Amino acid sequence: MTGTNQYVKDVATRGYQYGFVTDVETDVAPRGLHEETVRFISAKKKETDWMLEWRLKAYRYFVSLLKKDQLPRWANVKYPPIDFQDIIYYAAPRPRKQLSSLQEVDPEILRTYEKLGIPLEEQKRLAGVAVDAVFDSVSVATTYKEELAKRGIIFCSMSEAIQQHPDLVQRYLGSVVPYTDNFYAALNSAVFSDGSFCYVPQGVRCPYELTTYFRINTEGSGQFERTLIVAEAGSYVSYLEGCSAPMFDTNQLHAAVVELVAMENAEIKYSTIQNWYPGDEQGKGGIYNFVTKRGKCLGKNSKISWTQVETGAAITWKYPSVILQGDNSVGEFYSVALTKGYQQADTGSKMTHMGRNTRSRIIAKTISAGHGSGTYRGLVRVMPTASNARNFTQCDSLLLGDQCGAHTTPYVEVRNNTAHLEHEAFTSRVSEEQLFYCNQRGLSPEAAQALIINGFCKEVFKQLPFEFAVEATRLLEANLEGVVG
Amino acid sequence: MLEIRNLHASVGEVEILKGIDLQVKPGEVHAIMGPNGSGKSTLAYVLAGKPGYVVTAGEVTFLGKDLLPMKPEDRARAGLFLSFQHPLEIPGVRLDQFLRAGINGIRKSRGLEELDVLKFDRHLVKKVQLLEMDQGLVRRSVNEGFSGGERKRNEVLQMAVLEPTLAILDEPDSGLDIDAVQEAAKGINQQRGPENATILITHYQRILNYVVPDVVHVLINGRIVRSGGKELALEVEAQGYEELQEAEATLRSSG
């Protein structure tokens, strides 16, 4: 059908709306990675010795991996070799003076956020949303800090946490994702520049959705943020991150690490709406989104839930995972990954069952259009100690057009025979019959596509906090927008 | 309201409709009967504009406009509704959400104000009550996990909600037991009015006891071989299609 083809073509070639560059004087590290780079970053951040030592250990480990050429190559993604000496590892917008309030943030930066549709001033007033915004490498402003402080909740940039709460950082940093975990985790540990830190004390239910917006602005710069969330016994926190980047012809590396720790009866809900620049129609430029995200259900009855909506980035390589250590703990992963143009995504989850009666649930929805390639990769691992472990995995793919691909690679490792694992998977197309049915009811082909795709993603979207579910729906629609001829 | 002249249509290389003439006036109910494979559903799809159904000759005007160049959604917006013989599932999309999108597509094209959730809900609830249906149905995903009977009733509900000028019902009775046929008929009758028309496609005479047609047509091998009053349906039922099929074959060989 010409209608569908035109639509698919539009989807495949639709431009990126967030590709502007903000003109702010930046404070950049010299290009390349050396021990001096690590020292430069640490010095910029006025870090203590232990932090610098930790970074240096990570740096040396990374260099050893690089020397042995031990880059992860198992993912179903293709890209030319990355020159790690050609990246700017630190770029901070140069503040005019020490910031004490949001009003003092560079107006250019604030305008950038406005263009992104997240004016901080507005956000501040928005009930229930506390925002931490990371611009290139530095956290620009954190709203709602005082409100949160009254409840004993710490929500600040990672740099601030390292200075203000060194004991907490030292105790938990690297406890879930050690710097030896993988190639990019090692790199991040050496050069991470900022990120968010959140600590929720015992028994406290965080009343706001905590939000961080990340943005990469400097050409040739990498963004290496580090996020750590610790939820003490009986506490609850819901956290959301959003991401975008301007358009550059060169690829930019984003290698983040996120660590979550949930104590007894604690719950952490972590949601991501990722809209990094995906590259142009020919697949030139775009963000390499190589991220390690992992949570540890340390205490009994704890719960960690990941929800991600991945619509951007040239290449996505991430597997938000949960280590289910405490008995009766629960891990969840809900994902929508869209690839169009020449985007590639290899994403999924790892659920490691260690405690008794631990349960996990994986719902992954892959949408591929244009020349996009989406792979679900998941591992469910049941250790000998994990009696009565349960997992339910469902991974569905939706194909738009005939140039795209969807792949499913589930792994299972069971070492306890009381485990119950279920796996469901299906691949479908938006059928012409379905479209015709919708058209016959008065819907345009575009509206029909959007409705069908939304329906496909519903199970994931309903996991998002309400206002972000709306945002995710809009983002997906915007990404798949096209006029049908 | 609807005028079909010498309509020929093919699917792939196969010609299915071989010259249909039909006139439907406001207020009328036309029944189209015929054996399997006679082209009943093809006629319905061609009128609704389903992709893959190619008109090779003939004309169709609907409300004075040339229907054939119109896109499926524009036909729907002009007031043409097709009740599907096999309604499709749209996983994850709630029926109320689906119908609101549909009705607003229609209203927008007519320059009418779109209905917000509250206004639409009132409209929907009224229709659900009128058809004595379960309120819970509209919160479920479109046809997902619906029984055959529920799907058919859901089509009648959709018709009631969208209030079409011309409703083409493709076997709204197939696979239903007698109680369900009566319920479906009730819904169809409620939609009848002096301004509206209905084309009811059926294999069996049974539903015509409840939705009494003004005209009955017998479609065999892509042609209307006989037209008459409601009593024709009874005759067809008594005779079976075989005899009519033979008559049609003779007609063709002689003509």
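From a predicted model like this one, the values you see are computed outputs, not experimental measurements.

What counts, and where the lines are drawn
Residues numbered from 1 in each chain as written. Chains lettered and ligands numbered in written order. Predicted model: local features only at pLDDT ≥ 70, side-chain atom pairs only at ≥ 80, totals over all residues. Heavy atoms only, no water. Helix = DSSP H or I, 4+ residues; strand = E, 2+ residues; numbered from the N terminus. Rg over C-alpha atoms; globule rule 2.2 N^0.38 Å. Buried < 20%, exposed > 50% of the residue type's maximum accessible area, 1.4 Å probe, protein only. Areas by Shrake-Rupley, 256 points an atom, 1.4 Å probe, with all protein chains shown as cover. Lys, Arg positive; Asp, Glu negative; His and termini not counted. Charge placed at Lys NZ, Arg CZ, Asp CG, Glu CD. Contact = heavy atoms within 4.5 Å. Buried area = accessible area lost by both parts, 1.4 Å probe. Salt bridge = Lys/Arg side-chain N within 4 Å of Asp/Glu carboxyl O. Polar contact = N/O pair within 3.5 Å; in protein donor to acceptor, adjacent residues only side chain to side chain. Phe/Tyr/Trp six-rings, centres within 6.5 Å; stacked < 30°, edge-to-face > 60°. Lys NZ or Arg CZ within 6 Å of the ring centre and 35° of its normal. Pairing = 2+ DSSP bridges. Axes fitted to C-alpha atoms, helices over the stretch in contact; angles between N-to-C directions. Core = buried A, V, L, I, M, F, W, Y, C linked by side-chain atoms within 4.5 Å. pLDDT = per-residue confidence, 0-100. Left-handed = near helix turned anticlockwise from the far one by under 90°. Nonpolar A, V, L, I, M, F, W, Y, C, P; charged D, E, K, R; others polar. Expected span 1.5 Å × (residues − 1).

Side note on the overall build of chain B
Of the regular secondary structure elements, chain B holds eight helices and 12 strands. The C-alpha radius of gyration computed for chain B amounts to 18 Å, which stays within 12% of the reference 18 Å derived for 255 residues, consistent with globular compactness. Taking all 255 residues of chain B together, the buried fraction comes to 52%. Here chain B has roughly 11100 Å² of accessible surface; of this, 49% comes from carbon and sulfur atoms. Side chains of chain B give 30 positive and 36 negative charges; the mean places of these two sets differ by 6 Å.

With respect to the interface of chain B and chain A
With 34 residues of chain B at the contact, the number on the chain A side is 19 residues. The junction of chain B with chain A conceals about 2200 Å² of combined surface from both sides, 65% of it contributed by carbon and sulfur atoms. Run the count over chain B and chain A and you get two salt bridges. In this structure, A:Arg441 and B:Glu155 form a salt bridge, with 2.6 Å as the shortest nitrogen-oxygen distance. Here chain B and chain A share 12 residue pairs in polar contact (both at pLDDT 80 or more) between them. No other element matches the seven residues that helix α3 (residues 95–109) of chain B contributes to the side of chain B that touches chain A.

Quick notes on the packing of aromatic side chains
All names here are of chain A. According to the stated counting rule, one finds 27 aromatic pairs over all chains in the structure shown. Between Trp74 and Trp317, the ring centres sit 5.7 Å apart and the planes meet at 40°, which makes this aromatic pair tilted. Of the two residues, Trp74 sits in the loop between α3 (49–67) and β2 (91–93) while Trp317 sits in strand β15 (residues 315–318), which places them 243 residues apart along the sequence. On the numbers, 5.6 Å between centres and 10° between planes, the contact of Tyr288 with Phe290 is stacked. The same class applies to Tyr288 as to Phe290, namely buried. Aromatic rings pair up to connect Phe62, Trp74, Tyr79, Phe84, Phe183, Tyr184, Tyr288, Phe290, Trp317 and Tyr319 into one cluster. Directly above the aromatic system of Phe192 lies the positively charged group of Arg55, at a separation of 4.1 Å from the ring centroid. Its guanidinium or amino end placed over the ring of Phe192, Arg226 lies 6.0 Å from that ring's centre, counting from NZ or CZ.

With respect to the pairing of strand β19 (residues 359–369) of chain A
Residues and elements named next belong to chain A. The element β19 is extensively covered by neighbouring structure, given that nine of its 11 residues are classed as buried. Where strand β17 (residues 330–339) and β19 come together, 10 bridges link them in parallel fashion. Counterpart to Thr339 in the pairing with β19 is Ser368. Two elements, β19 and strand β21 (residues 390–400), share 11 bridges in a ladder whose sense is parallel. Opposite Ala364, over in β21, you have Cys395 as the bridge partner.

Considering the sheet that holds strand β3 (residues 29–33) of chain B
All names here are of chain B. With mixed pairing, six strands are arranged side by side in an open sheet as β6-β9-β10-β3-β11-β12. Unpaired on one side and paired on the other, β6 (80–83) and β12 (223–228) mark the two borders of the sheet. Each adjacent strand pair in this sheet contributes to an overall mean axis angle of 20°, direction not counted. Where β3 lies against strand β11 (residues 215–220), four bridges are found, and the strand directions are parallel. When the bridges of β11 are listed, Ile32 appears paired with His217. On top of the sheet, helix α1 (residues 40–48) reaches β3, β6, β9 (166–170), β10 (197–202) and β11; it is set at about 145° to β6, its chief contact.

A short note on the nonpolar core
Grouped together as the largest cluster of nonpolar side chains are 111 residues, with contacts concentrated most on A:Ile367, B:Phe98 and B:Ile199. Once you skip the residues sitting within four places of it in the chain, A:Ile367 turns out to touch A:Val336, A:Ala337, A:Leu338, A:Thr339, A:Leu398, A:Leu400, A:Ile453, A:Phe456, A:Cys457 and A:Leu476. Core analysis: the second largest hydrophobic core is formed by 56 residues, A:Leu33, A:Phe84, A:Phe224 and A:Tyr319 among them.

A closer look at the environment of A:Ile287
Along the chain, A:Ile287 falls in strand β13 (residues 286–297). On a C-alpha basis, the gap between A:Ile287 and A:Ala255 in space is 10.0 Å, while along the polypeptide they are 32 residues apart.

A look at the side chain of B:Lys40
Residues and elements named next belong to chain B. Along the polypeptide, Lys40 turns up in helix α1. A polar contact is formed between the side chain of Lys40 and the backbone oxygen of Gly34, at a distance of 2.7 Å. Not counting residues up to four positions away in its chain, the partners in contact with Lys40 are Ile32, Met33, Gly34, Pro35, Glu171, Ile201, Thr202, His203 and Leu219.

Concerning the pairing of β15(A)
All names here are of chain A. Here β15 shows two buried faces, one formed by Ile315 and Trp317 and the other by Thr316 and Lys318. Relative to β15, β13 runs parallel, the two being bridged by four bridges. If you follow Tyr288 over to β15, its bridge partner there is Ile315. With four bridges joining them, β15 and strand β18 (residues 344–353) adopt parallel strand pairing. Bridged to Thr316 within β18 is Ala345.

Remarks on the confidence of the model for chain A
All names here are of chain A. Residue-level pLDDT values for chain A average 83, and 79% of them are 70 or greater. Contacts of residues 1–5 to residues separated by more than four positions or lying in other chains number five contacts, the stretch itself having pLDDT below 50. Long-range and interchain partners of residues 95–100, a stretch whose pLDDT sits below 50, account for seven contacts in this model, where long-range means more than four residues apart.

Points about the packing of α3(A) against helix α9 (residues 183–191) of chain A
Residues and elements named next belong to chain A. In contact at an axis separation of 7 Å, α3 and α9 are set at 145° when each is read in the N-to-C sense. α9 is crossed by α3, and the crossing has left-handed handedness. For the pair α3 and α9, the contacting residues are Trp54, Arg55, Ala58, Tyr59, Tyr61, Phe62, Leu65 and Leu66 in the first and Phe183, Ala186, Leu187, Ser189, Ala190 and Val191 in the second. The class makeup of the residues in the contact of α3 with α9 is 12 nonpolar, one polar and one charged.

A look at helix α5 (residues 148–162) of chain B
Residues and elements named next belong to chain B. Here α5 contains 15 residues, and its C-alpha end-to-end distance of 21 Å stays within 8% of the 21 Å for a straight helix at 1.5 Å per residue. Where burial is concerned, most of α5 is hidden: 11 out of the 15 residues are buried. Inspection of α5 places Arg151, Lys152, Asn154, Glu155, Val156, Leu157, Gln158, Met159, Ala160, Val161 and Leu162 among the buried residues, and these make up the whole buried set. Glu163 lies just past α5 and shows a positive phi near 45°.

A word on the sheet that holds strand β2 (residues 14–24) of chain B
Residues and elements named next belong to chain B. Strand order in the open sheet made by the four strands is β2-β1-β4-β5, with antiparallel pairing throughout. The two strands at the open ends of the sheet, each matched to only one other strand, are β2 and β5 (65–66). Summarising the sheet, strand β4 (residues 53–62) and β5 pair through two bridges and their orientation is antiparallel. Each residue of the ladder has a partner; that of Phe62, found in β5, is Lys65. Against the sheet, α1 contacts β1 (2–11), β2 and β4, and its axis sits at roughly 110° relative to β1.

What to know about the side chain of A:Ser302
Looking at the element boundaries, A:Ser302 is found in the loop between β13 and β14 (303–310). At 2.8 Å, the side chain of A:Ser302 and the backbone oxygen of A:Gly299 are in polar contact.

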